[in-house]
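Structural description and commentary
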Amino acid sequence: MNRTLKINVKTSLTIVLSLYLGLLILPVQALNAQVKRNLQTTKLPNSIKKPLLSNSSKDTSIALQNDSMRIKTDTLKMSKDSIDAPIKYQAEDSGVLIVSTKEFYLYGKAKVDYSDLKLDAATIKYEQKTQMVKAYGALDTTGNPMSKPQFVQGEMKSVSDTIFYNMKTGKGLTKNTFFQEGEIYVNAADLKKISATEIFARRARFTTCNLDTPHFNFRTSRMKIINNKMGIAGPSFPEFEGVPMPIGLPFGIFPLTKGRSAGILPPQFTASPDFGLGFEGLGYYYVVNDNVDITARANIYSFGGWNLNINSKYIKRYSYTGNLNITFQNTKTLNRSTTSKDEFNNLRSFMINWSHSRDSRARPGTSFSANVNFGSSRFNQTLLNNPFANFQNQLSSSISYSKDWKGKYNLSLNLNHSQNNNLRLVNLNLPTVNFNMVTFYPFQQKEQVGSGKWYDKIGIGYSGNFQNQISFYDTAFNIKRLLDTLQYGAQHSVPITLSLPSLGPITLAPGVSYNERWYGQRVFRNWNNTKGKVDTTIQKGFYTAREMSFGISANTRIFGTYKFKPSSNLIAIRHEIRPNISVNYKPDFASKYHYNFQVDSTGRRVRGSQFDGAVNGSFGEGIFGGMGFGIDNLLEMKVKNKTDSADKAGKKVKLIDGFGFNSSYNFLADSFQLGDFTFYARSTLFEKINITAGASLSPYKVDSKGFPINQILFDPATFKFGRITTGNIAISTSFKSKSKDGKAEKEATTMPIDPFMTPDEQQRQLQFARANPAEFTDFNIPWNISISYSFRFDRVIAPDYSGFVTRTFSAFNFNGDFSLTDKWKVGATGFYDISRGNLQQLSTFITREMHCWQLSINVNPVGLFRSFNITVSPKSGILRDLRINRSRTFSN
């Protein structure tokens, strides 16, 4: 007869079952009363002297005295079926211990916690001899499954119909199991766990869709998963909405490794009438070490063109981070010209991008950074499927090093590069050196007593600059021409200031400034009667020029407030005026470097400087003794807070952020005494519309060819004063609807930014998002739109000095999208050149959100390259290369 101890638990029962060295110890002190009642209904021999577990200990005796149970342990010995850790368990219904068979049952929402293993089920059975745990589910009153066994070990969690697990070997077998490993959801008819990290599955289906009935999955007869490493599947067949597809995969390997790992980067197919058929993005990713990795990608086309890109990212925390990107491009496109007999157009180009930044904590007091973008002028024009880069005509680079000496002195070395892709002109500044000395007070005592003398406030500073510039056209590059364009120059500035106490609301600031410039060449221009043009002669050497000025400035602030009636929603309007005036004197040190030269056959002469075109510019000639003046204005108002009636202060609203003008008057000049007027204005209307505007006004009349004459242009009848020579205005705004979930909108970009990404990488990521907007849409915002308009004009002298010409530029940019339905969204971005009257660039997209998949259609009907791209792909990262793609590109 089996000896059975049954414990009925009316409420939730929690017992700590300690199985050490083959001895089952029940904490009877906590269960004394309960066991006492159960023993009355339990059939046991009158005398219990045999040990309950015969092979646990020979010297262990259990006795029943006064209807209570005591456990007394004398000697313990190791048992073969012992467990190395305590077991915590819980059950709502009951727990049953069968002594003779060494079996223990838990009924009703049972839970077991052993080491790193957690098990929940309707029924749990434990066999001590084999150390086997079996778990089963149950059905509710309607016949639906409930309390399915859940198994958790480490990072693995599974839900099954039945679980068999050996606590000693760590192996197990489950039936009809659902579990997640990384981004993969697996359902297997039979699942075998052979170790803590390896699992085998039979008759399994796997997917990245997290629904109970997934939109898609792959069915396979066998599968192996290695935790945090990879998943390997045999022949697999896809299913969509439960419908099997007639095509299959011979095998599948899915990386589950967290972090970086080397591997092949699969390409995508493309077709273009100009480039031919091709594969884009074929490459390899390699991890050099914990600090450096390398990515190599290639585009290959059937007409013979190719593109090779090598990118390396390096980072060392608290020291530096950087990115190096090198691209070689061999463009071979079909020749559509009727005048050329060549079948193809060939062009080779390259691009080098390097960004580097050093952590300020690595070496306090010094800094080093680099942002290099250097390449062929035609590189951007031949890039496929990148309309934003196609119109990028300016490239610039900078490499800088700086050192600071305790805030008193600082030195900076800069290597700069600028490139105009339209003119194909390249300028290199190698190097630019700047040295600055912070203002010091030579007459101020170290230990000053009292307020000090007035001369204690005299401060002297210094700033020096050295530049070396080389210019060349990349179409006509050679060493001789390169050396001919070499220029160098230096500039020294010594400002002397005096800090005076305020005279009430007026602040005075006198000062003296001395500037000197060094030049490596000078130019002379002469009229050539034979050729009918201006010839330029360059003389190399070492030349100097200097300038000195004296001045004093005064400024103040004036406030005016207009208050409204208490019944009005407006509280007040405040106008702030900031006038400034300065008196300056500058002797004429530069007139000896200026001369007159003839510019046309009529004998017209203009005045120029020997140092025109120098890297550090030329000083203006003429004596100046006059004043400068200007006014800045700020206009704002306060309105009542409609959301908070207790807020008496109200809400401040800026009407105009700033508007005003600046000009000067030279009392010592013999002509053109009144200087040009510079006007400006800026405002943000309704906290939505940004407006900036500026203009320059000349107060003098001009002759028939546009050259100014010494006569003030003023007509009192029409209130006309002067003529505007330059002007600009820019207006931009953006609107968007409220998010569907009502949460606060994030200010971040549509793509998450890695804080360890270099600025160059962030820019490339942003360009990719712009080129593929359909893949980065936010369905939580029903619509949004951004528009901007810009206009500018100026009058410049004609290249042949025949007069002045007016140049204008006007453009309109737009970007937006809106949701047709909750799942469909369309959008467009474009650039319209109003000056030329045509649309320069247009990109449109349509996207469909499909839960675990996404459809994106990108169309570029206008631009240097016209293209379309249709992509259907899973959202999951591990299946991102399992895409259906169709793309075509056409040259304009």
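Numbers given for residues are sequential positions, taken from 1 along each chain in its written order. Confidence filtering applies because this is a predicted model: local features only for residues at pLDDT of at least 70, side-chain atom pairs given and counted only at 80 or more, and all residues used for totals across whole chains, interfaces and linings. Calculated side-chain values reflect all of the structure's heavy atoms, with hydrogen atoms and water omitted.

Comments concerning the overall build of the protein
Each helix is a run of H or I in the DSSP string that is no shorter than four residues. Each strand is a run of E no shorter than two, and both are numbered from the N terminus. Helix and strand counts for the protein stand at four helices and 58 strands. In the protein, buried positions account for 36% of the 892 residues. Whether two residues are in contact is decided by their heavy atoms, any of which lying within 4.5 Å being enough. A separation of at least 24 residues holds for 51% of the contacts in the protein among residues at least 6 apart in sequence. Accessible area of the protein: about 51,800 Å², with a carbon and sulfur share of 58%. Relative accessibility decides the category of a residue: with a 1.4 Å probe and only protein chains considered, values under 20% of the type maximum give buried, values over 50% give exposed, and everything between is partly exposed. The method behind every accessible area is Shrake-Rupley, applied with a 1.4 Å probe, and residues are considered shielded solely by the protein chains displayed.

What about unusual backbone geometry?
Cis geometry marks the peptide bond from L430 to P431; its omega dihedral reads -10 degrees. Mapped onto the fold, P431 is located in strand β34 (residues 425-440). Even without being a glycine, R203 presents a positive backbone phi close to 50 degrees.

Description of the nonpolar core
Nonpolar side chains tend to gather and get buried jointly when the protein is soluble and globular. To qualify as a nonpolar core, a set must consist of buried Ala, Val, Leu, Ile, Met, Phe, Trp, Tyr and Cys residues joined through side-chain atoms within 4.5 Å. In this structure, L106, V112, L119, I124 and M167 are the most contacted members of the largest nonpolar core, which totals 22 residues. Broken down by secondary-structure element, the contributors of at least two residues to this core are β6 (87-91), β8 (103-114), β9 (117-127), β10 (132-136) and β15 (162-166). Beyond its immediate chain neighbours, meaning those up to four positions away, I124 contacts F104, Y105, L106, A110, K111, V112, L119, V133, K134 and A135. Grouped together as the second largest cluster of nonpolar side chains are 21 residues, I184, A188, A204 and F254 included.

Overview of a positive patch on the surface
Think of a patch as exposed residues, more than 30% relative accessible area, with no salt bridge, where like charges cluster within 9 Å and nonpolar side chains (Val, Leu, Ile, Met, Phe, Trp, Tyr) cluster within 5 Å. Any carboxyl oxygen of Asp or Glu within 4 Å of a side-chain nitrogen of Lys or Arg constitutes a salt bridge here. Positive charges come from Lys and Arg, negative ones from Asp and Glu, while His and the chain ends are left out of the count. By convention, charge coordinates are those of NZ in Lys, CZ in Arg, CG in Asp, or CD in Glu. A cluster of basic side chains, namely K638, K652, K654 and R682, defines a positive patch on the protein surface. Classification of K654 by relative accessible area gives partly exposed; the value is 47%.

Overview of a nonpolar patch on the surface
On the surface, I264, L282, Y284, Y286, V288, I294, I300, W306, L308, I310 and F328 cluster together into a nonpolar patch covering about 970 Å² of accessible area. Elements with a contribution of two residues or more to the nonpolar patch: β26 (276-287), β27 (292-301) and β28 (306-316). Tracing the chain through its elements places V288 in the loop between β26 and β27. Among the residues examined, V288 registers a relative accessible area of 39% and is labelled partly exposed.

Some thoughts on the state of the cysteines
Cysteine sulfur atoms that pair up within 2.5 Å are treated as a disulfide. A full pass over the atoms with the stated rule returns zero disulfides. C852 provides the cysteine sulfur closest to C209, a residue in no disulfide bond, and the two sulfurs are 3.6 Å apart. C209 gets classed as buried once you look at its relative accessible area, which sits at 1%.

Looking at the pattern of salt bridges
Any two side chains of opposite charge can pair, on the condition that their charged atoms come close. A full pass over the atoms with the stated rule returns 26 salt bridges. The residue R525 makes a salt bridge to D612 at a minimum N-O spacing of 2.8 Å. Of the two residues, R525 is situated in strand β37 (residues 507-528) and D612 in the loop between β42 (605-609) and β43 (624-639); the sequence distance between them amounts to 87 residues. For D612, a relative accessible area of 32% puts it in the partly exposed group.

Overview of the packing of aromatic side chains
Think of it this way: a Phe, Tyr or Trp ring, Trp meaning its six-membered ring, pairs with another when their centres are within 6.5 Å, and the plane angle makes it stacked under 30 degrees, edge-to-face over 60, tilted otherwise. This structure, assessed with the given rule, holds 36 aromatic pairs. Centre to centre, the rings of F629 and F661 are 6.4 Å apart; their planes meet at 75 degrees, and the pair counts as edge-to-face. With a gap of 32 residues between them, F629 in strand β43 and F661 in strand β44 (residues 651-666) connect regions that are remote in the sequence. Among the residues examined, F661 registers a relative accessible area of 23% and is labelled partly exposed. An aromatic cluster is built from F629, F661, F677, F679, F714 and F721, whose rings are joined through pairwise contacts. Should the NZ of a Lys or the CZ of an Arg lie within 6 Å of a ring centre and within 35 degrees of the ring normal, that charge is described as sitting over the ring. Sitting over the ring of F344, K332 keeps its end group 5.0 Å from the ring centre. Lying over the aromatic face of F619, R517 brings its terminal NZ or CZ to 4.0 Å of the ring centre.

Observations regarding the pairing of strand β55 (residues 838-850)
Strand pairing follows a simple DSSP-based rule, namely that at least 2 bridges must link the two strands. Direction of pairing for strand β54 (residues 824-833) relative to β55: antiparallel, over a ladder of ten bridges. When the sheet's bridge partners are listed, F831 is paired in β55 with Q841. Taking the residues that link successive antiparallel strands as the turn, the β54-β55 hairpin has four residues, and the phi of G837 there is positive, at about 75 degrees. Here β55 pairs with strand β56 (residues 853-862) via eight bridges, running antiparallel.

Describing the pairing of β28
As defined by bridge partners, β27 adjoins β28 across nine bridges and the pair is classed as antiparallel. Looking at β28, one finds that D293 is bridged to K313. The antiparallel pairing of β27 with β28 creates a hairpin that spans four residues between the two strands, and G304 there sits at a positive phi of about 110 degrees. The hairpin turn running from β28 into strand β29 (residues 320-334), its antiparallel successor, is three residues long, and Y318 in that turn takes a positive phi close to 65 degrees.

Structural notes on the confidence of the model for the protein
Detailed reading of predicted coordinates is not advised where the pLDDT is low. Every residue is assigned a pLDDT by the predictor, reflecting its confidence on a scale from 0 to 100. Taken as a whole, the protein shows an average pLDDT of 81; of its residues, 85% reach a score of 70 or greater. Between residues 1-76, whose pLDDT stays under 50, and residues either more than four places distant or in other chains, the model counts 113 contacts. Segment residues 744-753: pLDDT under 50, and eleven contacts once partners within four positions in sequence are set aside and those in other chains are kept.

Some remarks on the environment of N421
Looking at where N421 falls in the secondary structure, it is placed in the loop between β33 (409-420) and β34. On the basis of relative accessibility, which here comes to 2%, the residue N421 falls in the buried class. For the pair N421 and S377, spaced 44 residues apart in the sequence, the C-alpha separation amounts to 4.6 Å. If sequence neighbours within four positions are ignored, N421 has contacts with S377, N380, Q392, N393, Q394 and L395.

What about the side chain of H594?
Mapping H594 onto the fold places it in strand β41 (residues 594-598). A polar contact is formed between the side chain of H594 and the backbone oxygen of A590, at a distance of 2.8 Å. Here H594 is in contact with R607, G608, S609, S618, F619, G620 and E621, once residues within four sequence places are set aside. Identification of polar contacts relies on pairs of N or O atoms within 3.5 Å, with a donor-acceptor requirement for protein atoms, meaning one able to donate a hydrogen and the other able to accept it, and with residues adjacent in sequence counted only if both atoms are side-chain atoms.

Examining the environment of R317
As for its placement among the helices and strands, R317 is situated in the loop between β28 and β29. The spatial distance from the C-alpha of R317 to the C-alpha of D359 is 8.2 Å, given a sequence separation of 42 residues.

A look at the environment of L411
Along the polypeptide, L411 turns up in strand β33. Dropping the residues within four chain positions of it, L411 is found in contact with Y401, S402, K403, W405, V433, N434 and F435.

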